[in-house]
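# Inside the fold
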Amino acid sequence: AQSVTQPDIHITVSEGASLELRCNYSYGATPYLFWYVQSPGQGLQLLLKYFSGDTLVQGIKGFEAEFKRSQSSFNLRKPSVHWSDAAEYFCAVVPTSGTYKYIFGTGTRLKVLA
Amino acid sequence: DSGVTQTPKHLITATGQRVTLRCSPRSGDLSVYWYQQSLDQGLQFLIQYYNGEERAKGNILERFSAQQFPDLHSELNLSSLELGDSALYFCASSVASGEVYEQYFGPGTRLTVT
């Protein structure tokens, strides 16, 4: 069955430090890939997406993600974290055929230390 | 602000009751999706409507139903409520269906069943 794994439930980093959030998927073909962020009390906001082409994708708020087919991964990175980045981050995959349903990971909650 | 609106923001009700959650998609979006976010199940896709017709179903209970009206707003009806139905319910919209489109999420309705 298709699945998305975000192995880190919580991550704590210091402001200004670099960040990498992991996402692995299980699917026969390369799916469409997304990262969303959810701030407290808010809905989900799209950070970036990968459909095809360049495997390094730039998003909003200084985030980027790299698709690695060999590792079935789509990790999210940011070179320097700001306190306002504290939120929950969700990776999502969408199969490339069928009903195009989003399958979300369980999320990684990011805490930023001042 | 994603442009997707949801009402009410909070809802507290008792077991056995019925509630209706409302969603207005972004202007121009024809597709509406409903999701349930709970601590134990994460973010689960419930159902999708496109231009008034049901397009895809996910993990939606038989006690739950939805519809999309001619003006494209959607309602999610939850009946015979149980304690386990307490969750955040998100609506999302996208421009169309049949391919993968970015989904824009509303702020959610927090349902508490007591």
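Preceding this section is the structure that the text describes.
A quick note: this is a predicted structure, and the numbers were derived from the prediction, not measured.

Moving on, we get to the side chain of Gln37(B). Take Gln37(B): it is sitting in strand 4 (residues 31-38). The exposure class assigned to Gln37(B) is buried, which follows from its relative accessible area of 13%. Within the local environment of Gln37(B), its side chain forms a polar contact with the side chain of Gln38(A), the two groups lying 3.1 Å apart. Excluding residues that lie within four positions of it along the chain, Gln37(B) makes contacts with Gln38(A), Phe90(A), Gly42(B), Leu43(B), Ala87(B), Leu88(B) and Phe90(B).

This brings us to the packing of aromatic side chains. Residues and elements named next belong to chain A. Inspection of the entire model under this criterion finds 19 aromatic pairs over all chains. Ring centres of Phe 63 and Tyr 89 lie 5.6 Å apart, and the angle between their planes is 50°; this geometry places the pair in the tilted category. You can see Phe 63 sitting in the loop between strand 7 (56-58) and strand 8 (64-68) and its partner Tyr 89 sitting in strand 10 (residues 87-94), a full 26 residues away along the chain. The class of Phe 63 is buried, set by a relative accessible area of 1%. A relative accessible area of 1% means that Tyr 89 is categorised as buried. It is Lys 49 that lies over the ring of Phe 51; its NZ or CZ is 5.7 Å from the centre.

Next up on the list: the pattern of salt bridges. All names here are of chain A. This model, assessed by the stated rule, comprises 10 salt bridges over all chains. Its salt-bridge partner being Arg 77, residue Glu 64 comes within 3.1 Å of it at the nearest N-O pair. Taken together, the positions of Glu 64 in strand 8 and Arg 77 in strand 9 (residues 73-78) put the pair 13 residues apart, joining distant regions of the chain. Take Glu 64: its relative accessible area is 19%, and that puts it in the buried class. Using a relative accessible area of 22% as the deciding quantity, one classes Arg 77 as partly exposed. One salt-bridge network, held together by shared partners, links Glu 64, Glu 66 and Arg 77.

Another aspect to go through is the sheet that holds strand 1 (residues 5-7) of chain B. All names here are of chain B. Read across the sheet, 4 strands follow the order 1-3-8-7 without closing on themselves; strand pairing throughout is antiparallel. Because the sheet does not close on itself, it has two edges, and the strands there are strand 1 and strand 7 (64-68). Across the sheet, the mean angle separating the axes of adjacent strands is 15° when strand polarity is ignored. Strand direction decides the pairing type here: strand 3 (residues 19-24) and strand 8 (residues 74-78), joined by 5 bridges, are antiparallel. Note on strand 8: the bridge partner recorded for Val 19 is Leu 78.

When you line up the elements, Phe69(B) lands in the loop between strand 7 and strand 8. Along the chain, Phe69(B) and Tyr49(B) lie 20 residues apart, while their C-alpha atoms are 9.8 Å from each other.

What follows covers the nonpolar core. The nonpolar side chains of soluble globular proteins are, as a tendency, buried together. Residue and element names in this part refer to chain A. In this structure, Leu 19, Trp 35, Leu 47, Leu 48, Phe 74, Leu 76 and Tyr 89 are the most contacted members of the largest nonpolar core, which totals 26 residues. Every element with two or more residues in this core is listed here: strand 2 (10-14), strand 3 (19-21), strand 5 (32-38), strand 6 (44-50), strand 8, strand 9, strand 10 and strand 12 (108-113). The element best represented in this core is strand 10, accounting for 4 residues.

Calculation notes
Residues numbered from 1 in each chain as written. Chains lettered and ligands numbered in written order. Predicted model: local features only at pLDDT ≥ 70, side-chain atom pairs only at ≥ 80, totals over all residues. Heavy atoms only, no water. Helix = DSSP H or I, 4+ residues; strand = E, 2+ residues; numbered from the N terminus. Buried < 20%, exposed > 50% of the residue type's maximum accessible area, 1.4 Å probe, protein only. Polar contact = N/O pair within 3.5 Å; in protein donor to acceptor, adjacent residues only side chain to side chain. Contact = heavy atoms within 4.5 Å. Phe/Tyr/Trp six-rings, centres within 6.5 Å; stacked < 30°, edge-to-face > 60°. Lys NZ or Arg CZ within 6 Å of the ring centre and 35° of its normal. Salt bridge = Lys/Arg side-chain N within 4 Å of Asp/Glu carboxyl O. Pairing = 2+ DSSP bridges. Axes fitted to C-alpha atoms, helices over the stretch in contact; angles between N-to-C directions. Core = buried A, V, L, I, M, F, W, Y, C linked by side-chain atoms within 4.5 Å.

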